[in-house]
Amino acid sequence: MLNYTTYVAQISNLLQYTSTDSNFTTMLPGMIDYSEQRIYRELDLVYTNVTDASATFTANQRTLNLPTAQGVFIVVDEVNAITPAGTGSSVGERHPLTPVALPWINAVYPSAGAYTDIPAFFARQSDTVITLGPSPDAAYYAEVIGTIRPTPLSTSNSS
């Protein structure tokens, strides 16, 4: 099994560059990104399908920053609001949110706090944020289920 140090040594050897060569150090992050992305495309890794219940909806706020503790979400399959407020996913009741288009949420729930309840709908606003409808009326835990991109190999993440 390769770790960061052995990967760098093997690539350095294959390319016949020293690992301290400026050309090599410039190319290395791109090589790691390319190889990891190819692995994720070619294999359907169960490891990348996660459930993360560490995020919390903020009352009267219509957005949620997706949790990143396990990696960055590439695909969001499900979002659940856990009730009652403040109750974790292991004991609370799940309320599944229905995925919709962002223009629909903007038309039906145009402003935060105008109508509050347990969120029933969500749409991706960006790669890290989802928009909710209606705005949460309390600080419910959010359970997000989907596919992540694990933290890339680097000096700080060596395996």
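In what follows, the accompanying structure is described. (Residues numbered from 1 in each chain as written. Predicted model: local features only at pLDDT ≥ 70, side-chain atom pairs only at ≥ 80, totals over all residues. Heavy atoms only, no water.)

## Structural notes on the overall build of the chain
On a plain count of helices and strands, the chain comes out with three helices and 10 strands. Going from N to C terminus, the chain has its helices and strands arranged as α-α-β-β-β-β-β-α-β-β-β-β-β. The globule rule puts the C-alpha radius of gyration for 159 residues at 15 Å, and the 20 Å found for the chain is more than 25% above it. A principal-axis box enclosing the C-alpha atoms of the chain has dimensions of 65 × 35 × 25 Å. Within the span of the chain, comprising 159 residues, buried residues form 33% of the whole. (Helix = DSSP H or I, 4+ residues; strand = E, 2+ residues; numbered from the N terminus. Rg over C-alpha atoms; globule rule 2.2 N^0.38 Å. Buried < 20%, exposed > 50% of the residue type's maximum accessible area, 1.4 Å probe, protein only.)

## Points about the side chain of Thr 83
Its location among the elements puts Thr 83 in strand β3 (residues 72–83). Within the local environment of Thr 83, its side chain forms a polar contact with the side chain of His 95, the two groups lying 2.7 Å apart. Aside from chain neighbours lying at most four places away, what touches Thr 83 is Gly 92, Glu 93, His 95, Ile 118 and Tyr 140. (Polar contact = N/O pair within 3.5 Å; in protein donor to acceptor, adjacent residues only side chain to side chain. Contact = heavy atoms within 4.5 Å.)

## Some details on the side chain of Asn 80
By the secondary structure assignment, Asn 80 is in strand β3. A polar contact of 2.8 Å, which involves the side chain of Asn 80, links it to the side chain of Glu 143. Here Asn 80 is in contact with Phe 57, Arg 94, His 95, Pro 96, Leu 97, Tyr 141, Ala 142, Glu 143 and Ile 145, once residues within four sequence places are set aside.

## Section: helix α2 (residues 22–42)
Spanning 21 residues, α2 covers 31 Å between terminal C-alpha atoms, matching the ideal 30 Å at 1.5 Å per step. The axis of α2 is deflected most strongly, by about 35°, at Leu 28, and proline Pro 29 appears within four residues downstream. Turning to α2, its buried residues are Phe 24, Leu 28, Ile 32 and Glu 36. At the N-terminal boundary of α2, the capping side chain belongs to Asp 21, with an oxygen 2.7 Å from the backbone nitrogen of Asn 23. (Expected span 1.5 Å × (residues − 1). Bend = angle between axes of the 7 residues up to and from the residue.)

## A short note on helix α1 (residues 4–15)
Relative to the 16 Å expected for 12 residues at 1.5 Å per residue, α1 spans 16 Å between its end C-alpha atoms, a close match to the ideal helical length. Restricting attention to buried positions, one finds in α1 the residues Tyr 4, Tyr 7, Val 8, Ile 11 and Ser 12. Down the axis of α1, the smallest arc covering the buried residues is 130°, so these residues share one side. Those residues of α1 that are exposed and aimed more than 90 degrees away from the buried face are Thr 5, Asn 13 and Leu 14. (Arc of directions from axis to C-beta.)

## Re the sheet that holds β3
An order of β1-β10-β3-β4 is seen for the four strands of this open sheet, with the pairing classed as antiparallel. For this open sheet the edge positions go to β1 (49–56) and β4 (93–96), each flanked by a neighbour on one side alone. Strand-to-strand twist in this sheet, taken as the mean axis angle between neighbours without regard to direction, amounts to 35°. (Pairing = 2+ DSSP bridges. Axes fitted to C-alpha atoms, helices over the stretch in contact; angles between N-to-C directions.)

## Quick look at the pairing of β3
In this structure, β3 lies alongside strand β10 (residues 141–149), joined through nine bridges in antiparallel fashion. Within β10, the residue paired with Val 75 across the bridge is Thr 147.

## Here's the deal with the layout of surface pockets
The volume enclosed by the largest pocket comes to roughly 400 Å³. Around the largest pocket sit 16 residues that line it, and Glu 36, Ile 39, Tyr 40, Leu 153 and Ser 159 are the ones nearest its centre. Ranked by residues supplied to the lining of the largest pocket, first place goes to α2 with five residues. The residue inventory of the lining of the largest pocket, partitioned by class, reads 10 nonpolar, five polar and one charged. (1 Å grid on protein atoms, 1.4 Å probe; cavity = no way out; pocket = protein on both sides within 12 Å on 5 of 7 lines; lining within 4 Å. Points joined across faces, edges and corners; volume = space filled by probe spheres on them. Nonpolar A, V, L, I, M, F, W, Y, C, P; charged D, E, K, R; others polar.)

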